[in-house]
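# Report on the structure
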Amino acid sequence: MATLSLRGVRKSYLAGTETIKGIDLDVADREFVVFVGPSGCGKSTLLRMIAGLEDITAGDLLIDGTRVNDVDPASRGLAMVFQSYALYPHMTVADNMGFALKLAGRPKAERDAKVAEAARILQLEPVLTQRPRSLSGGQRQRVAIGRAIVRQPRVFLFDEPLSNLDAALRGQMRVELLRLHEELAATMIYVTHDQVEAMTMADKIVVLHAGRVEQVGSPMELYNHPANLFVAGFIGSPRMNLLPGTVGAAAPGGTVPVTLAGGVTVSVRPAQVLAPGSSVTLGIRPEALRQAADGPFSGAALLVERLGGMTLVHVTLESGETLVAQADGNDPIRAHDVIRLAVDPSVCHLFAANGLVLSQAEPPQAKPGDLHDLDAMPSLARA
Amino acid sequence: MSTVGATVPMADMTASQPAAERRARRRMLPLVAPAVGVLLVWMIVPLVLTLWFSVQRYNLLNPALHGFAGIENYQYLVTDPDFWASLVNTLVLVGAVLVVTVGGGTLLAVLFDQPFAGKGIARVLAISPFFVMPTVSALVWKNLMLHPIYGIAGFLWRLVGLSPVDWFATFPLASVIAIVSWEWLPFALLILLTAVQSLDHSQIEAARLDGASFVQQFRYIMLPHLSRAISVVIMIETIFLLTVFAEIFVTTSGGPGNATTNLAFLIYARALLQFDVGGASAGGMVAIVLANIVAFFLVRSIGRRMDI
Ligand SMILES: Nc1ncnc2c1ncn2[C@@H]1O[C@H](COP(=O)(O)OP(=O)(O)OP(=O)(O)O)[C@@H](O)[C@H]1O
Ligand SMILES: [Mg+2]
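Time to look at the site of ligand 1. Residues and elements named next belong to chain A. Looking at ligand 1, the residues that line it are Tyr13, Thr19, Ser39, Gly40, Cys41, Gly42, Lys43, Ser44, Thr45 and Glu160. Note that an oxygen atom of ligand 1 is positioned 2.8 Å from one of the backbone N or O atoms of Gly40. Gly42 is positioned such that a nitrogen or oxygen atom in its backbone is 3.0 Å from an oxygen atom of ligand 1. When isolated, ligand 1 has an accessible area of 630 Å², and the protein chains bury 57% of it. Grouping the amino acids of the shell around ligand 1 by side-chain chemistry returns two nonpolar, six polar and two charged.

Taken together, the side chains of Ile152, Phe155, Leu156, Leu159, Val160 and Leu162 of chain B present a nonpolar region at the surface, about 600 Å² in accessible area. With respect to the helices, strands and loops of the structure, Ile152 of chain B is situated in helix α7 (residues 152-159).

Right, let's talk about the nonpolar core for a bit. In globular proteins that are soluble, nonpolar side chains generally tend to be buried together. Core analysis: the biggest nonpolar cluster contains 81 residues, and Leu4, Leu6, Phe35, Ile50, Leu157 and Ile189 of chain A together with Ile221 of chain B have the highest contact counts within it. Residue contributions to this core peak at twelve residues, all from helix α9 (residues 172-197) of chain B. Beyond its immediate chain neighbours, meaning those up to four positions away, Phe35 of chain A contacts Leu25, Lys43, Leu46, Ile50, Ile189, Tyr190, Val191, Thr192, Val206 and Leu208 of chain A. Residues Tyr85, Ile121, Leu124 and Leu165 of chain A belong to the second largest nonpolar core, which totals 46 residues.

Within chain A, residue pLDDT values average 86, and 93% of them lie at 70 or more. A low-confidence stretch, residues 363-383 of chain A (pLDDT under 50), is modelled with 29 contacts involving residues beyond four sequence positions or located in other chains.

A separate point is the sheet that holds strand β7 (residues 155-159) of chain A. Residue and element names in this part refer to chain A. Spatial strand order, β6-β7-β8-β3-β9-β10: six strands in an open sheet with mixed pairing. Of all strands in the sheet, those with a lone pairing partner are β6 (78-81) and β10 (212-217), marking the two edges. Adjacent strand axes in the sheet meet at a mean angle of 20 degrees when their direction is disregarded. Sheet topology note: the strand β3 (residues 32-36)/strand β9 (residues 204-209) ladder contains four bridges and is parallel. If you follow Val33 over to β9, its bridge partner there is Lys204. Across the face of the sheet, helix α1 (residues 43-51) comes into contact with β3, β6, β7, β8 (187-192) and β9 while running at roughly 150 degrees to β7.

Once that is clear, we can look at the pattern of salt bridges. Overall, the coordinates contain 18 salt bridges over all chains when judged by the stated rule. Among the salt bridges present, the one from Glu31 of chain A reaches Lys204 of chain A, with a minimum N-O distance of 3.5 Å. Of the two residues, Glu31 of chain A is situated in the loop between β2 (20-27) and β3 and Lys204 of chain A in strand β9; the sequence distance between them amounts to 173 residues. This pair shows no difference in class: Glu31 of chain A is buried, exactly as Lys204 of chain A is. Glu117 of chain A is the salt-bridge partner of Arg120 of chain A, the closest N and O atoms lying 3.1 Å from each other. Placement of the pair is Arg120 of chain A and Glu117 of chain A together in helix α3 (residues 108-122), with a separation of three residues, close to one helical turn. In this structure Arg120 of chain A comes out as partly exposed when scored by relative accessible area, which is 42%. For Glu117 of chain A, a relative accessible area of 38% translates into the label partly exposed. Salt bridges here are not isolated pairs; linked through shared partners, they connect Lys11, Arg48 and Glu54 of chain A together with Glu205 of chain B.

Do not read the fine detail of predicted coordinates wherever pLDDT is low. All names here are of chain B. Taken as a whole, chain B shows an average pLDDT of 83; of its residues, 93% reach a score of 70 or greater. Confidence drops under a pLDDT of 50 for residues 1-15, and excluding neighbours within four residues, the segment shows six contacts in the predicted structure. Scoring the predicted complex yields pTM 0.77 and, for the interface, ipTM 0.78.

A few words on the interface of chain A and chain B. Taken together, the contact between chain A and chain B spans 24 residues of the former and 19 residues of the latter. The interface formed by chain A and chain B contains two salt bridges. Residue Arg151 of chain A is joined to Asp210 of chain B by a salt bridge in which the shortest nitrogen-to-oxygen separation is 3.8 Å. Taken together, chain A and chain B are joined by eight residue pairs in polar contact (both at pLDDT 80 or more). Listing elements by their share of the side of chain A that touches chain B, those giving two or more residues are α1, α2 (93-103) and α4 (137-150) of chain A. Counting residues per element, the side of chain A that touches chain B draws most heavily on α2 of chain A, which supplies four residues. When grouped by side-chain class, the residues that make up the side of chain A that touches chain B number 14 nonpolar, three polar and seven charged.

So, on to the environment of Ala167 of chain A. All names here are of chain A. Mapped onto the elements of the fold, Ala167 is located in helix α5 (residues 167-184). Take Ala167: its relative accessible area is 60%, and that puts it in the exposed class. The sequence separation of Ala167 and Leu62 amounts to 105 residues, and the corresponding C-alpha distance is 36 Å.

Right, let's get into the side chain of Glu247 of chain B. Residues and elements named next belong to chain B. For Glu247, the position within the fold is in helix α12 (residues 246-251). We note that Glu247 is buried and unpaired, the nearest opposite charge coming from Lys142 at a distance of 13 Å. Those residues in contact with Glu247 that lie beyond four places of it in its chain are Pro134, Ala138, Ile179, Val180 and Glu183.

What counts and how
- Residues numbered from 1 in each chain as written.
- Chains lettered and ligands numbered in written order.
- Predicted model: local features only at pLDDT ≥ 70, side-chain atom pairs only at ≥ 80, totals over all residues.
- Heavy atoms only, no water.
- Near = heavy atom within 4 Å.
- Polar contact = N/O pair within 3.5 Å; in protein donor to acceptor, adjacent residues only side chain to side chain.
- Areas by Shrake-Rupley, 256 points an atom, 1.4 Å probe, with all protein chains shown as cover.
- Nonpolar A, V, L, I, M, F, W, Y, C, P; charged D, E, K, R; others polar.
- Patch = residues over 30% accessible without salt bridge, like charges linked within 9 Å, V, L, I, M, F, W, Y side chains within 5 Å.
- Salt bridge = Lys/Arg side-chain N within 4 Å of Asp/Glu carboxyl O.
- Helix = DSSP H or I, 4+ residues; strand = E, 2+ residues; numbered from the N terminus.
- Core = buried A, V, L, I, M, F, W, Y, C linked by side-chain atoms within 4.5 Å.
- Buried < 20%, exposed > 50% of the residue type's maximum accessible area, 1.4 Å probe, protein only.
- Contact = heavy atoms within 4.5 Å.
- pLDDT = per-residue confidence, 0-100.
- Pairing = 2+ DSSP bridges.
- Axes fitted to C-alpha atoms, helices over the stretch in contact; angles between N-to-C directions.
- Lys, Arg positive; Asp, Glu negative; His and termini not counted.

This is the structure:
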C-alpha cells in the first residue's frame, strides 16, 4: 500500500525563478505513473523532490497520507533508478544490490537471500560476482533496478532509465519493466521525454511543460482528448497536424465551418459556442487523414516514410503547409505524387487562440472496416 | 573506462595473431631505439659511475689514499650508527609526511568540493605553498613561524602564558616533517580535488537513498573512488620525499646530533663535508636500492589499482 500526493509543490533553485510552479497530483497505490515533457520542463527536478534529493520550496509531499517534506531520503521508503545507473563501480553486482541492506545492518544471510531473489527476477544470476564495468548497458540497467528491488521500497522512481540504451534493448526493457510492475505490484513513477514510452507503459500520464502540469490522464484519454495545444502536439507519434484557421458563421444543425489558411473548410461540431471570425487551430491526427479522390486537401507528397506496417506521407499543401498523413504499409504512393486527402471531422480537435481545446474528438469507434470507408466521411466542402 | 575499452581488443589481437604483432614490433625497433638509447645512457652512466666510486678509496682530502676498496666503503657504512639513524629518519620522514598529506589532502579535497562562500580564494590560498621553493619555505618556517623569539608560534605560546618552545632543538624531526608536509599538502589536495570532482554525483545520491550517512558515503563511495588518485599521490610524493634535502640543510643541518639526518643529507655530509666520495657513493647505492624497493611495491600496487 503506497499512495503519493503532491499539494501545490513548488521549487525555485534561484530566488525569483521558479522551476516547478505549483503541482497537484495524486498517485494511487500500484499505479504506473509517467511524467513526460520536453527537456528542461522540470521532470527530473520533480522526481528528485519526491526522492528527497532536492528541497521542496513550497507545498506538501505526502506518502501514505503523511507529510514527508522534511524526512530524509533514505527514510521515505523510496528507491530511485538513475539515468546514469549510478552503480558503485568498485563493488560487485551482488554488493551493489545488497548495499542498502548492509548499511541497514541486516544479517548477511538475509541480504544474500534478497539479492538472490532480485537477481532471479532480473536474470542477473550469472553476473553477480562481476563489477559493473564489465556489464552491458542492459545488464547495468537491470542491476540498478535490482538495487531498488532489494530495498522493497514503497515507491519506485525511475529517471529516464532507458535513454542510454539502443532502440531494440529499450523495447525489451520496456516490456521487462511492465512485467516487473506486475510482479512486484508496486507503485512506480517513471520520468521520460519519450512519449512512446509514456504511451506504452503508463497507467496514468502526467504531461509537464515549463514546470506546470498540462494534463493528467490515461494514455488514450490524452491521445483522444488533449486538453490543449501543447498536449495535442506532444502526445502521439507522428505528431498531430496543427492548422491555423478562422471560425465562420454557424450552420444549422450545430456544425461550424472552420476555414483554414489554404481556403479549405472543415465543418466541426464544437462543444461550445464560437464567435464567428475568431481564430482557432484545427488538430488532425495523421491517421484521420485518408486519400480520397474528392478530398479537400490537395498537395504533392514531399516525403514517403515506409515503416512497414504503415506509411507516413508528408504532403505539402497548395497553401504551403505540410501535413503528415498515415497510409497503408503497401500504399503505392511515391514521392512527388499529387494526392488529395479527406478528413473525418468528428475526430478533429479544435483549439482556441489561447491553446485550450474547444471541441473534443470522439474516440474512434472500433468498428473494423469503418476506418477505411472514405465515402462514409461526412460533409467536407471546398470553399 | 577508456583503458578497459582499449585493452580488451588489444588482448584479443595478441591472442589471435602473435606473429604479426611480433613482426610489427621488430619494424618499430629502429624508430624507438634513439629515445630508448638516450634514456639508457642518461640512467646507466651515473649509475655505473656511482657504483664504481662506491668500491674505490676516494677521499678528496687524501689523494694519496686511492685504489680499489672492495666492500670496505659499504662495511664502513653499515657499521656507522649514523647510517642506520639516517635510514630510520628517512623512513619516518617519508611515512609521516605521507600520512599527513594524504590524510589532510583527502579531507580538504572533500571539504573544498562542498559549496561555500569564498571557495575560489580559499582554493588558491590552500594550493599556494606548493609554489614556494623549499629553501624559502624552510627559511620562513625557521624564522617567521617556529623561531622561539620572533616566531608566530612563540608569540602564540606567550599569548597564553606558556614559555616558547625552541622547536628545532626540542622536536627537530617533527618540525622538519611539519615543513615538508606544509609544502606537499597542496600537491595532494590538487590531485585529490580533481579526483573528488570527477566522482559521478549521482553515486553519492544513490548512496544517500540507500541510507548512507556522510561518513558512510565517504567510506564506501568516496574513498574507493579516490584510491587510484591516492596511490598516484603516494608514489609521486615518495619519490620526492626520499630526497628531501633543502629543508634539512636550511633549518637543522641534520642535527641536533643526527636527529634529522636522512639518507640524502648523510650522502651530502659524506661527500662534501668529509670529502669521502667513496663512502658517499656507497650511501648513494643504498639510496638507489631503497628507492627501487619502494618503487617496486608502489608500482605493483598501483598497477593493480589501475585495472579495477
Ligand atoms: N541544481 C540546479 N540549479 C539550478 N537550476 C537547475 C538545477 N537543476 C535543474 N535546474 C533547472 O531546472 C530546470 C528543469 O530541470 P530538470 O533537470 O528537472 O529538467 P528535465 O525535465 O529533467 O529535463 P531533461 O529531459 O533534459 O532531463 C532546467 O531549466 C534547469 O536549468
Ligand atoms: Mg531529467
